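So you can see what is in the structure, the chains are spelled out below.
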Amino acid sequence: MAEKPARILIGYALVPKKIESFIQPSLLNHAAERGIDLVQIDLSKPLIDQGPFHCIIHKVSNPEWIDQLRRFIAQKPNVVIIDHPDAIKRLHNRVTMLKAVNKLTIPRILLSIPKQVVVKSPGSTLGIDFPLIVKPFVSDGSPDSHQMYLVYSEEGLKSLNLDPPFILQEFVNHGRVIFKVYVAGRHVQCVKRISLPDIPSGGLPSSDHLVSFSQISNVTAIDHNDETMKKLIEAMEMPESRFVNEVASQLRKALNLNLFNFDMIRDSSSPEKYLVIDINYFPGYAKMPCFERILTDFFLDAVATP
């Protein structure tokens, strides 16, 4: 009797909220049909005593886990780690996360990042014009790192009373559509989503100094069910797949990461110009069409012999 092929064991270390959103029954079943078992890592026990694993995926930021993972890497060099904590750390800083974009060499199409500055002391916009998006300096997935604002004036910025450092990023009109590009190794998926509305050149009424992204998200959630917004998204032309794949491939190499997504917009004033405005590690893949197949294919790629 022929021996049954060995199962591929993928250990996952994720916070409860991430487990709930990512470890879906549909993913577990699809992976199992392809010979993969996803095994939860017990964060209360030493990592070195768990397994064996062919590969570990993770999104836990506490220092104890990172220390354990580093020791595990040193002792088990043959286990594939997705991804190395040093590479992930670069995305926790909203300045360093976008630096890689300016180093890409994309033919034919202009790709850049919005103008942005770091405010290290209160009282200065450092020469950047309104309207602005105000973002926390740190991007580590914590609730505080998602506290962002669209600010229309100096009065709005002062009213926030934020403690530096924080980021001021120029707002670029983009037709109210954002392109979310999900990357899982060599697998790339681009989807369209409703974004912030364009701001008219004459500005907004003086009473509207700022609005929080949580308020915008609530409006956007309603707009998703609005027929006009659905038609707007449908009418927005997708970027060329060759362009998207090239950006994803070069970013993957520049960042030395496999699991991430990047938010990209098309400049309304220059349709051949795209801007990457944010990069996130291990995003919400379950929102991506066919995520079960794409992630399973990625796992198989990750453990394949080079």
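Check the entry above for the structure.
First, a word on what this report is: a plain description of the structure on this page.

Quick notes on the rules
- Residues numbered from 1 in each chain as written.
- Predicted model: local features only at pLDDT ≥ 70, side-chain atom pairs only at ≥ 80, totals over all residues.
- Heavy atoms only, no water.
- Helix = DSSP H or I, 4+ residues; strand = E, 2+ residues; numbered from the N terminus.
- Buried < 20%, exposed > 50% of the residue type's maximum accessible area, 1.4 Å probe, protein only.
- Contact = heavy atoms within 4.5 Å.
- Areas by Shrake-Rupley, 256 points an atom, 1.4 Å probe, with all protein chains shown as cover.
- Pairing = 2+ DSSP bridges.
- Axes fitted to C-alpha atoms, helices over the stretch in contact; angles between N-to-C directions.
- Parallel < 35°, antiparallel > 145°, perpendicular 65-115°, else oblique.
- Left-handed = near helix turned anticlockwise from the far one by under 90°.
- Core = buried A, V, L, I, M, F, W, Y, C linked by side-chain atoms within 4.5 Å.
- Expected span 1.5 Å × (residues − 1).
- Arc of directions from axis to C-beta.
- Right-handed = clockwise from strand over helix to strand, strands pointing away.

## Some details on the overall build of the protein chain
Here's step 1: Helices and strands together make up the secondary structure of the protein chain, namely ten helices and 14 strands.
Here's step 2: Counting every position in the protein chain, which comprises 306 residues, the buried fraction comes to 46%.
Here's step 3: In the protein chain, once contacts between residues fewer than 6 apart in sequence are set aside, the share between residues at least 24 apart is 70%.
Here's step 4: Carbon and sulfur atoms provide 52% of the accessible area of the protein chain, an area that totals close to 16,100 Å².

## Section: the environment of Asp 83
Here's step 1: By secondary structure assignment, the location of Asp 83 is in the loop between β4 (80-82) and α4 (85-89).
Here's step 2: Judged by its relative accessible area of 2%, Asp 83 falls in the buried class.
Here's step 3: Sequence-wise, Asp 83 and Asn 258 are 175 residues apart; in three dimensions their C-alpha atoms are separated by 6.7 Å.
Here's step 4: Filtering out sequence-adjacent residues up to four positions away, Asp 83 remains in contact with His 58, Ile 88, Asn 256, Leu 257, Asn 258, Leu 259 and Tyr 281.

## Some points on the sheet that holds β4
Here's step 1: With respect to topology, four strands assemble into an open sheet ordered β2-β1-β3-β4, the strand pairing being parallel. Two strands close off the open sheet at either side, each with one partner strand: β2 (36-40) and β4. Here the average twist between neighbouring strands, direction ignored, is 20°.
Here's step 2: In terms of strand pairing, strand β1 (residues 8-14) meets strand β3 (residues 55-59) through five bridges, oriented parallel. Each residue of the ladder has a partner; that of Tyr 12, found in β3, is Ile 57.

## Side note on unusual backbone geometry
Here's step 1: A cis amide bond links Ile 82 with the next residue in sequence, Asp 83, at an omega value of -5°.
Here's step 2: Cis geometry marks the peptide bond from Phe 130 to Pro 131, where omega comes out at 0°.
Here's step 3: Its place among the elements puts Pro 131 in the loop between β6 (116-119) and β7 (132-136).
Here's step 4: Unlike most non-glycine residues, Phe 282 shows phi in positive territory, near 45°.
Here's step 5: The topology assignment puts Phe 282 in the loop between β14 (273-281) and α10 (291-303).
Here's step 6: You can call Phe 282 buried: its relative accessible area is 0%.

## Some thoughts on the packing of helix α2 (residues 25-33) against α10
Here's step 1: Interaxial distance between α2 and α10 falls to 9 Å at its minimum, and their mutual angle equals 45°. Relative to α10, the element α2 is oriented oblique. Viewed along their axes, α2 and α10 form a crossing whose handedness is right-handed. Touching Ser 26, Leu 27, His 30 and Ala 31 of α2 are Phe 291, Glu 292, Arg 293, Leu 295 and Thr 296, all from α10.

## Here we look at the nonpolar core
Here's step 1: Within the largest apolar cluster, 62 residues are counted, with the highest numbers of intra-cluster contacts made by Phe 22, Phe 262, Ile 279 and Leu 295.
Here's step 2: Once residues within four sequence positions are removed from consideration, Phe 262 is found in contact with Phe 179, Lys 180, Val 181, Val 183, Val 247, Ala 248, Leu 251, Val 276, Asp 278 and Ile 279.
Here's step 3: Membership of the second largest hydrophobic core comes to twelve residues, among which are Phe 53, Ile 56, Trp 65 and Ile 81.

## Digging into helix α3 (residues 63-75)
Here's step 1: The terminal C-alpha atoms of α3, which comprises 13 residues, lie 19 Å apart, in line with the 18 Å expected from a rise of 1.5 Å per residue.
Here's step 2: Of the residues making up α3, those classed as buried are Trp 65, Ile 66, Gln 68, Leu 69 and Phe 72. The arc that holds the buried residues of α3, viewed along the axis, is 160°, so those residues lie on one side. Away from the buried face of α3 by more than 90 degrees, exposed residues Pro 63, Glu 64, Ala 74 and Gln 75 are located.
Here's step 3: Where α3 is buried, its residues meet β1, β3, β4 and α4.

## Topic: the pairing of β3
Here's step 1: For β3, the buried fraction is high: four of the five residues fall into the buried class.
Here's step 2: In the sheet, β3 pairs with β4 via three bridges, with the strands oriented parallel. The residue bridging Cys 55 from the neighbouring strand is Val 80, located in β4.
Here's step 3: Regarding topology, α3 serves as the crossover connection from β3 to the parallel β4, and that connection is right-handed.

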